[in-house]
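Report on the structure
Here is how the chains run, residue by residue.
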Amino acid sequence: MSDTPQVRIPATYMRGGTSKGVFFRLDDLPEPCRVPGTARDRLFLRVIGSPDPYGQQIDGMGGATSSTSKCVILSKSTRSGQDVDYLYGQVAIDSAFVDWSGNCGNLSTAAGAFAIHAGLIDPALVPEDGICTVRIWQANIGKSIIAHVPVAGGKVQETGGFMMDGVTFPAAEIVLEFLDPAEAGDALFPTGNPVDELDFEGRRLNATLINAGIPTIFVNAADIGFRGTELQGDINKDREALARMEALRTVGALRMGLIRDAGEAARRQHTPKIAFIAPPADYVSSSGKAVQAGEIDLLVRALSMGKLHHAMMGTASVAIATAAAIPGTLVNLSAGGGTRNEVCFGHPSGTLRVGAEAALIDSRWQVTKAVMSRSARILMEGWVRVPARIFE
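Let me sum up the structure you'll find in this document. A quick note: this is a predicted structure, and the numbers were derived from the prediction, not measured. (Residues numbered from 1 in each chain as written. Predicted model: local features only at pLDDT ≥ 70, side-chain atom pairs only at ≥ 80, totals over all residues. Heavy atoms only, no water.)

An ideal rise of 1.5 Å per residue puts 26 Å on 18 residues; helix H4 (residues 239–256) measures up with 25 Å between its terminal C-alpha atoms. Turning to H4, its buried residues are Ala241, Leu242, Met245, Leu248, Arg249, Thr250, Gly252, Ala253 and Met256. (Helix = DSSP H or I, 4+ residues; strand = E, 2+ residues; numbered from the N terminus. Expected span 1.5 Å × (residues − 1). Buried < 20%, exposed > 50% of the residue type's maximum accessible area, 1.4 Å probe, protein only.)

Rendered as structure tokens:
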């Protein structure tokens, strides 16, 4: 058999928050992949190493988790008031599917840094030392994100003393502002209610269904037999628990109007997210760090692509902050109720503090922005290679 050559494509492998992904400049992609469609999906699947029936992504850049099975495209923006357009693809691990239905909040951090690294920002806007404000258009959901990226010597400052649970080493802090984070064209609460009742397993289950950062379904941990202190191994080794959570996610997705029938849920794995919450309690994180109830406002555990996330998705963090700011939601009640513009929650890897500004306008809750701190850095840059036959 004759050898099939490989195509090499300029790429950068980056960590952003608690996620990792392969970043591309739009102009560096093979021409058929510069527009949405089958060619682009095939490329990203092969880059990441999917579909892999072994679930390991050994023959690709993916890390066999939802947090490390991601690709990003950036380009200069022609949209007024924006610097770059940021498009995110969540690559399935064991099936030939790229989900374009939502954003990755963690990689939004890296998108701001990559925009500077890749020369997509006007040099006149990059200070020699200080903070570079990068205005990002999140093309998946049609929303604006502002990344405040530290700069030293005219280049992105990646090292520093900022620590975040779920990331082992310190780095420079990047502050993100998610502006008007409710999904484009959608109400903050798709049903109009801060709490709904879902028909699940023959009973009525309270849930908060919210569109902020990413469509998210929140339920009380105790109502589905959990404590809220679970770690990955407690959930991801339990096939019955995972199947129940996926069934509940499907029920919530139907109520939110995101899918028309239950069969569509499998083809929309990235959204909505599902999370279970509980009032504060002591627990030991996955790193062995003790988290005290007095340090946090509530407990949150969230699933991504069918598995419990090792920390917390950035977009789900926006949903948590927003729901916590609105009196009467399940998240707000678990955090003690009342009004607040900031919340600290416990997740499997530790804790995270996030903020949101919400207001009741014309009898409808609206959120103007959510804010969180993350970090990002380049892990490797150069070229990624894929067999040329994928373009045939």
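Next, the rest of the story.
Before going further, it helps to spend a moment on the environment of arginine 364. Structurally, arginine 364 is set in strand E20 (residues 364–374). Separated by 171 residues in sequence, arginine 364 and asparagine 193 place their C-alpha atoms 9.8 Å apart. Other than its neighbours up to four places away in sequence, arginine 364 contacts Ala187 and Ala359. (Contact = heavy atoms within 4.5 Å.)

In this section: the pairing of strand E6 (residues 129–138). Sheet faces and side chains relate simply in a regular strand, where the side chains alternate between the two faces. Examined bridge by bridge, strand E4 (residues 84–91) and E6 share 3 bridges and lie parallel to one another. Looking at E6, one finds that tyrosine 86 is bridged to glutamine 138. With 10 bridges connecting them, E6 and strand E7 (residues 143–152) associate as antiparallel partners. Pairing of arginine 135 across the sheet is with isoleucine 146, part of E7. Once E6 ends, the chain turns through 4 residues before running back antiparallel as E7, passing glycine 142 with a positive phi of about 65 degrees. (Pairing = 2+ DSSP bridges.)

In this model helix H5 (residues 314–325) runs 17 Å from its N-terminal to its C-terminal C-alpha over 12 residues, within 8% of the 16 Å that 1.5 Å per residue would give. Across the 12 residues of H5, 12 count as buried, placing the element largely inside the fold.

Everything listed here is a matter of geometry and, on its own, says nothing about what the molecule does.
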